[in-house]
Amino acid sequence: NDLAFISAVIIGIQKELADRIIKNKGSSLAIFLAAAGQSQLIRVVSRRNYYPLPEVDTSWLFWKRQNKAINLESFQLILKGAFWGKRKNLGNSLRKNPFFHIRPQWLDKLNNDCSQIADLLSLRADALELSQFLRIENFLYES
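First, a word on scope: everything that follows refers to the structure included in this document.

### Re helix H5 (residues 104-111)
Part 1: Here H5 has its buried residues at Trp106, Lys109 and Leu110. Looking down the long axis of H5, one finds its buried residues gathered within 95° of arc, a one-sided arrangement.
Part 2: If you follow the buried residues of H5, they end up packed against helix H3 (72-84), helix H4 (90-96) and helix H7 (130-141).

Structure (structure tokens):
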């Protein structure tokens, strides 16, 4: 991983994105950051504190890498596939995405017996939390 040397980050971002990151839900970035470490809200800064006046408030976040037992490269591939079809349900996004061509065994699993994750496949990716994506990862890696 090219960014493995990063151990912690403090970043100011749009409040709405920061809220998703703190909830570990709603975007591929939020899920990936939760899988790789832990995010903490430092503070919210009102847009009125900036000139020129932006249209949104800012949140300052602290993120720290944690050594979790997860293959981040493969997990990132799963997230890309899941969020590829923005308005598609998860089943369609995963089956039709262009990112799984390097893992044809994943497509085979999704097209054959996916009863273990059937409850998730009718949802959209932005409705899922980290634990649900970890279930998908476990399913795809099972023999």
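There's more to say after this.
### Re the sheet that holds strand S2 (residues 37-45)
Part 1: Strand order in this open sheet of 3 strands is S1-S3-S2, and the pairing throughout is antiparallel. Since the sheet does not close on itself, it has two edges, and those belong to strand S1 (8-14) and S2, each with one partner. With direction set aside, neighbouring strand axes in the sheet form an average angle of 25°.
Part 2: Looking at chain direction, S1 and strand S3 (residues 58-65) are connected through 7 bridges and run antiparallel. Looking at S3, one finds that isoleucine 10 is bridged to phenylalanine 62.
Part 3: The strands that helix H1 (residues 15-23) touches are S1, S2 and S3; relative to S1, the one it contacts most, it runs at about 135°.
Part 4: Those strands touched by helix H2 (residues 28-36) are S2 and S3, and its axis lies near 125° from that of S2.

Conventions used here
- All chains use their own residue numbering, which begins from 1 and follows the written sequence.
- With the structure being a predicted model, the display of local features is reserved for residues of pLDDT at least 70 and the display and counting of side-chain atom pairs for 80 or more, all residues being used for whole-chain, interface and lining totals.
- Hydrogens and water are ignored here; the side-chain numbers use all heavy atoms of the structure.
- In this scheme, a residue with accessible area under 20% of its type's maximum is buried, one over 50% is exposed, and one in between is partly exposed, where area comes from a 1.4 Å probe on protein chains only.
- Every helix listed is a DSSP run of H or I at least four residues long, and every strand listed is a run of E at least two residues long, numbered separately from the N terminus.
- When we speak of the arc, we mean the arc of directions from the helix axis to the C-beta atoms.
- Here, two residues are considered to be in contact whenever any of their heavy atoms come within 4.5 Å of each other.
- Whether two strands pair depends on DSSP finding at least two bridges between them.
- In this description, a line fitted to the C-alpha atoms serves as the axis of each element, helices being fitted only across the stretch in contact, and the angle between N-to-C directions of two axes falls anywhere from 0 to 180 degrees.

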